[in-house]
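# Coordinate inspection notes
These are the residues of each chain, in order.
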Amino acid sequence: MNAGSKSPTIFVSIDMEGCATLVHWDEVRPSSSAEYRRAQTVMTSECNAVIDGAFAAGAGRVIVNDSHSAMRNLLLEDLDARADVIGGRIKRDYMLQGLTHECAASFFIGYHGAIGDGAAVMGHTYSPRVIYECRLNDVPVSELPINAAFAGHFGVPVALVSGDATTVSESKRVLPWAFAVQTKESLSYYAADCRSPHDVCDELRRKSKDAVEALGAFAPLHLECPIDMEIDTMRTSHADMICLVPGFERRGPRTVGFSAPDALAMYRALTALIYVGAAA
Ligand SMILES: [Zn+2]
């Protein structure tokens, strides 16, 4: 990691469900609708805000990975041209494609609550069609700690998180050092008390700058290894299919398990599970 570098590399994984004002799948599911187009604009604006803040603080490089759905959401013509962008699928490292030990910090933007969280707009954990619950070392987890553990494997800390209030409170619990920006307060699965998207972008720009200026104050997340990953699937057919992948074991009609030596192996197994499960 290059936290001490004068021109650090910042990695940005940007999702969509946690961006300002978005509350429904109709908005974030890729389509030709005006609603989705607007959601792309919101996401692109938030991405631009963190890119601008990072460069204002002296970042040498910002790598952005479009991490939502088919991963072709950002409006690239409108995105800050200084950033390097990874779009599209299929990607081995999925939401973290492009993150390496060269990165000084990672930013998780537009993140959302886990499936089962009480107040989480569009709460889900990776694949809402396949995954009913994901546990790491027996603890139910959202995408936030899963992805933070992947970054931690490379010695890269999470320095900035944005999303709804549920995401921010999870961040305070599992990544207490990370700066956070609350985009909305989820009231239910399809409703939120929303902040102005302009205010959210202003705060994202400010906190991105603050985070890059504070590099060195953040800690990589390390989970106890080996990591036991256990997943309840939506249907038995998902578990049938996932168990064809070497290393997965059947632990129940809708439960599969994987013992990973480290967070990288855990994450790559999860990526396989997502892609394979979707084919069931
Ligand atoms: Zn998403």
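It should be emphasised that the depicted structure is a prediction, and the values quoted were computed from it without experimental measurement.

Moving on to the domain arrangement of the chain. Here the chain is described as being made up of domain 1 (9–126 + 141–213) and domain 2 (227–278). Using only C-alpha atoms to locate each centre, domain 1 and domain 2 end up separated by 25 Å. Taken together, the 10 residues of domain 1 in the interface contact 9 residues of domain 2. Tallied by class, the residues present in the side of domain 1 that touches domain 2 amount to 6 nonpolar, 2 polar and 2 charged.

Quick look at the sheet that holds strand β10 (residues 227–233) now. On the basis of which strands lie adjacent, the open sheet formed by 5 strands has the order β6-β5-β10-β12-β11 and antiparallel pairing. Looking along the sheet, the strands with just one partner apiece sit at the ends: β6 (139–140) and β11 (249–252). Pairing between strand β5 (residues 131–136) and β10: 5 bridges, direction antiparallel. For I131, the partnering residue across the bridge sits in β10 and is T233. Where helix α7 (residues 263–278) meets the sheet, its contacts fall on β10 and β12 (255–260), and the angle it forms with β10 comes to roughly 15°.

Interaxial distance between helix α2 (residues 34–56) and helix α5 (residues 197–213) falls to 7 Å at its minimum, and their mutual angle equals 30°. The angle between α2 and α5 places the two elements in the roughly parallel class. Every pair of crossing elements has a handedness; the one defined by α2 and α5 is right-handed. Of α5, the residues touching α2 (which contributes V42, S45, E46, A49, V50, D52, G53, A54 and A56) are P197, V200, C201, L204, R205, R206, S208, K209 and V212. Partitioned by chemical class, the residues of the contact of α2 with α5 number 10 nonpolar, 3 polar and 5 charged.

About the criteria used
Residues numbered from 1 in each chain as written. Predicted model: local features only at pLDDT ≥ 70, side-chain atom pairs only at ≥ 80, totals over all residues. Domains from an automatic or database assignment. Contact = placed C-beta atoms within 7 Å. Nonpolar A, V, L, I, M, F, W, Y, C, P; charged D, E, K, R; others polar. Pairing = 2+ DSSP bridges. Helix = DSSP H or I, 4+ residues; strand = E, 2+ residues; numbered from the N terminus. Axes fitted to C-alpha atoms, helices over the stretch in contact; angles between N-to-C directions. Parallel < 35°, antiparallel > 145°, perpendicular 65-115°, else oblique. Left-handed = near helix turned anticlockwise from the far one by under 90°.

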